[in-house]
Amino acid sequence: MNEKRRIVVLGGGFGGFMTVRHLVKLRFDGEIILIDKRDEHVFTPWLYEVASGFLFSKEKTNLKDLKKTSGISFTNLIQAQDGARVRFKKQEVIGCDFDSKHLIFIDGKTLQFDELVLAVGSEVQFFNIPGVKENSRTLKTLQEAMEIQTEISKLLEELRLHKRDRIKIVIGGAGSTGVELASELANCLNEASKNGQVDRTKIRILLIEAGDTVLQQMHPSLQLCVKKRLEKLGVELKLKTRLERLSKNRAHLVTVTTENTATEIDFDIFIWAGGIRPTALIESFDLPKDQRGRIEVEATFQVKGRTDIFALGDAAGLTSPYTKKSLPSLAQVAIRESRLVAQNIIRQQQGKPLKIMKIPKQWIIITPAGGKYSFMRIFGINICGRSASWVRKIIDLQYFGTILPWPVFWRLWRSAEKVFSLND
Ligand SMILES: Cc1cc2nc3c(=O)[nH]c(=O)nc-3n(C[C@H](O)[C@H](O)[C@H](O)COP(=O)(O)OP(=O)(O)OC[C@H]3O[C@@H](n4cnc5c(N)ncnc54)[C@H](O)[C@@H]3O)c2cc1C
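Model, not experiment: these values are computed from the prediction. (Residues numbered from 1 in each chain as written. Predicted model: local features only at pLDDT ≥ 70, side-chain atom pairs only at ≥ 80, totals over all residues.)

J.: What's the story with the overall build of the chain in this structure? I'm lost.
T.: Of the regular secondary structure elements, the chain holds 12 helices and 25 strands. Based on the C-alpha atoms only, the size of the chain along its principal axes is roughly 70 × 50 × 50 Å. With 424 residues in all, the chain has 38% of them scored as buried. Considering only intrachain contacts with a sequence separation of at least 6, the fraction spanning at least 24 residues in the chain is 66%. (Helix = DSSP H or I, 4+ residues; strand = E, 2+ residues; numbered from the N terminus. Buried ≥ 20, exposed ≤ 12 C-beta atoms within 10 Å, placed from the backbone. Contact = placed C-beta atoms within 7 Å.)

Right, here's the structure in full:
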């Protein structure tokens with residue numbers, strides 16, 4: 001085994017960071033370099049909490065605490081994994097020369113690798129709808145979650161000072177992100193209204209969806225429960241409503257019926273949660289792609305036709321034999337894949353046969369829907385309410401417990417509990 005081999009992991013999200021972690025745990029003997037354009041590893045499942053946290057607070061320290069709940073600095077995180085063996089470089093990659101095996105950074109520098117792991121995730125899909133990119137907010141990064149929080153806080157402050165007489169929040173797309181955010185915002189504002197902090201009748205939350213139901217990937221009976229929950233929280237759900245165009249403070253919609261009626265609504269903030277797509281970087285790579293533009297990989301997670309490049313997470317396309325579709329874009333999928341990627345990198349160097357992914361028939365998805373209320377379906381049974389929230393909490397807890405030393409984990413957890421429960 002060549003001890004001087006250099007593994008470069010591009011992307012420090014769930015897939016990339018966990019690959020690094022497994023390489024360290026499995027005592028990989030070469031050099032490990034993790035590259036990310038950001039400073040922190042982001043826990044996306046809590047971004048809806050960040051976007052709706054501390055909406056009535058003006059304290060700057062509170063906002064810092066809020067940010068810390070979902071972003072852990074790579075420097076601290078790597079130290080916790082035996083930092084001496086891993087180097088972190090904050091760099092944005094803009095290209096790759098796969099023949100000479102060099103990554104190209106935005107500042108013109110390059111980095112040589114022996115093996116490369118591509119874990120750059122995905123980006124927001126705007127479907128070329130005119131004006132959406134320019135006039136909406138998105139919830140994909142920690143920065144974006146903080147921006148939504150800031151903008152809604154400002155609107156609420158203006159309402160309090162009678163500088164405006166109502167607020168209209170419109171969310172486009174009733175997938176997990178749209179449902180989580182709409183219900184958490186509604187729940188938080190309902191609670192604030194009970195405490196006399198805001199007049200809820202002056203705030204409308206609209207969730208628009210082109211399809212005929214919410215959470216398309218879920219079981220119909222669960223979709224029905226989610227719809228009821230949204231209704232109870234006061235979220236106005238507009239199904240079969242397609243966004244045609246977005247201008248400043250005005251959404252041009254079409255109701256998808258036989259007549260395709262066009263309507264217009266005004267808004268104070270529009271949050272686009274309509275879907276994701278592969279990143280522009282992945283698009284630029286001359287590597288095999290599947291129909292959705294994800295990098296085609298073998299069940300070993302090697303990119304098709306290459307033995308030195310691995311891809312995983314949202315960036316990779318591996319077809320499930322059960323659904324005949326590529327594996328869903330989920331943190332739990334990326335985390336599961338990361339172990340196999342690390343094992344295979346090591347096995348390849350040792351000349352051993354590579355392992356292949358055992359794909360589960362189903363992935364258990366837990367969708368939070370305002371406060372301590374979530375939805376999940378397991379063994380054909382729907383579980384709604386607090387119990388599903390507890391399961392979700394245990395899963396989140398397990399993740400942080402795995403990546404952080406006990407005292408850091410405990411501090412982060414207590415702080416997050418305190419911050420998020422203010423909304424419940
Ligand atoms: C709001 C929201 C809520 C979600 N909730 C859940 C949930 O509850 N459960 C669940 O299972 N999944 C959830 N997901 C999906 C989950 O976040 C993704 O499937 C998962 O993050 C994919 O992991 P990844 O490693 O492929 O990419 P990511 O975790 O996105 O990591 C990609 C990393 O690559 C870096 N990067 C990208 N491009 C470059 C570049 N050019 N140069 C350098 N660095 C780069 C990024 O900064 C990032 O750190 C949610 C996603 C969102 C947006």
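More follows now that the structure is in view.
J.: Honestly, the packing of helix 7 (residues 176-194) against helix 8 (residues 220-233) in this entry has me stumped. Any pointers?
T.: Axis angle and axis distance: for two packed helices, these are the angle between their axes and the distance between the axes, and together they describe the pair. Put simply, helix 7 and helix 8 touch, their axes get as near as 9 Å, and they point 30° apart. As helix 7 runs across helix 8, the sense of the crossing is left-handed. Contacts from Val179, Ala182, Ser183, Ala186, Asn187 and Asn190 in helix 7 reach Val226, Arg229, Leu230 and Leu233 in helix 8. (Axes fitted to C-alpha atoms, helices over the stretch in contact; angles between N-to-C directions. Left-handed = near helix turned anticlockwise from the far one by under 90°.)

J.: I would appreciate a short explanation of the site of the ligand in the present structure.
T.: With respect to spatial proximity, 31 residues lie near the ligand, and among them Gly11, Gly13, Gly15, Gly121 and Gly313 are the closest. Going through the elements one at a time, helix 1 (14-25), strand 2 (31-36) and helix 10 (331-349) are the ones with two or more residues in the shell around the ligand. Of the residues contributing to the shell around the ligand, the split by class is 13 nonpolar, 12 polar and six charged. Inspection of the shell around the ligand shows a minimum of three residues originating in each of domain 1 (6-37 + 91-124 + 277-357) and domain 2 (132-275). (Near = placed C-beta within 6 Å. Nonpolar A, V, L, I, M, F, W, Y, C, P; charged D, E, K, R; others polar. Domains from an automatic or database assignment.)

J.: Please clarify how the sheet that holds strand 12 (residues 167-172) should be interpreted in this entry.
T.: Taken in spatial order, the five strands of this open sheet run 11-18-12-13-14, and their pairing is parallel. Both outer strands of the open sheet, strand 11 (137-138) and strand 14 (235-238), are each paired with one neighbouring strand and no more. The pairing of strand 12 with strand 13 (residues 203-208) spans six bridges and is classified as parallel. By the bridge assignment for strand 13, Gly172 is matched with Ile208. Along the sheet, helix 7 contacts strand 12, strand 13, strand 14 and strand 18 (269-272); its crossing angle with strand 13, the most-contacted strand, is approximately 165°. (Pairing = 2+ DSSP bridges.)

J.: Got a minute to help me understand the domain arrangement of the chain in this structure?
T.: Interfaces are frequently sized by the accessible area removed from exposure as the parts join. What the domain assignment reports for the chain is domain 1 (6-37 + 91-124 + 277-357) and domain 2 (132-275). Look at where the C-alpha atoms of domain 1 and domain 2 centre, and you get two points 35 Å apart.

J.: I'm lost on the nonpolar core in this one. Help?
T.: Among the nonpolar cores identified, the biggest contains 58 residues, and Leu139, Leu181 and Ala182 are the most heavily contacted of them. Among the elements that make up this core, the one with the highest residue count is helix 7 (seven residues). Apart from residues lying up to four places away in sequence, Leu181 is in contact with Tyr48, Ala51, Leu139, Ile171, Ile271 and Ala273. If you look at the next biggest cluster of nonpolar residues, it comprises 50 residues, including Leu34, Ile78, Phe301 and Val333. (Core = buried A, V, L, I, M, F, W, Y, C linked by C-beta atoms within 7 Å.)

J.: Looking at this structure, I do not really get the pairing of strand 7 (residues 102-105). What am I missing?
T.: Looking along a regular strand, one sees the side chains alternate between the two faces of the sheet. Across four bridges, the pairing between strand 6 (residues 93-97) and strand 7 is antiparallel. By the bridge assignment for strand 7, Val93 is matched with Phe105. Taking the residues that link successive antiparallel strands as the turn, the strand 6-strand 7 hairpin has four residues, and the phi of Lys101 there is positive, at about 60°. Relative to strand 8 (residues 110-112), strand 7 runs antiparallel, the two sharing three bridges. Following the sheet pairing, Ile104 is matched in strand 8 by Thr110. In sequence, strand 7 turns back onto strand 8 through a hairpin of four residues, with Gly108 there showing a positive phi of about 90°.

J.: What am I meant to see in the sheet that holds strand 25 (residues 381-385) here?
T.: In a beta sheet, neighbouring strands pair by backbone hydrogen bonds and run either parallel or antiparallel. Taken together, three strands build an open sheet; the order of strands is 23-24-25 and the sheet is antiparallel. Only two strands of the sheet have a single partner each, and these edge strands are strand 23 (367-368) and strand 25. As paired elements, strand 23 and strand 24 (residues 374-378) share two bridges and run antiparallel to each other. Along strand 24, the bridge assignment pairs Pro368 with Ser374.

J.: What exactly am I supposed to notice about the environment of Leu111 here?
T.: Along the polypeptide, Leu111 turns up in strand 8. Sequence separation of Leu111 and Cys96 is 15 residues, and the distance between their C-alpha atoms is 9.3 Å. Residues in contact with Leu111, not counting those within four places in the same chain, are Val8, His102 and Leu103.

J.: What exactly am I supposed to notice about helix 6 (residues 142-160) here?
T.: Owing to its 3.6 residues per turn, the α-helix aligns residues three or four sequence positions apart on the same side. Taking 1.5 Å of rise per residue, 19 residues should cover 27 Å, and helix 6 covers 27 Å from first to last C-alpha, within 8% of that figure. Taken as a whole, helix 6 has its buried residues at Leu142, Ala145, Ile148, Gln149, Ile152 and Leu155. The buried residues of helix 6 all sit within an arc of 150° when viewed along its axis, so they share a single face. One or two positions beyond helix 6, positive phi appears at His162, with a value near 60°. (Expected span 1.5 Å × (residues − 1). Arc of directions from axis to C-beta.)

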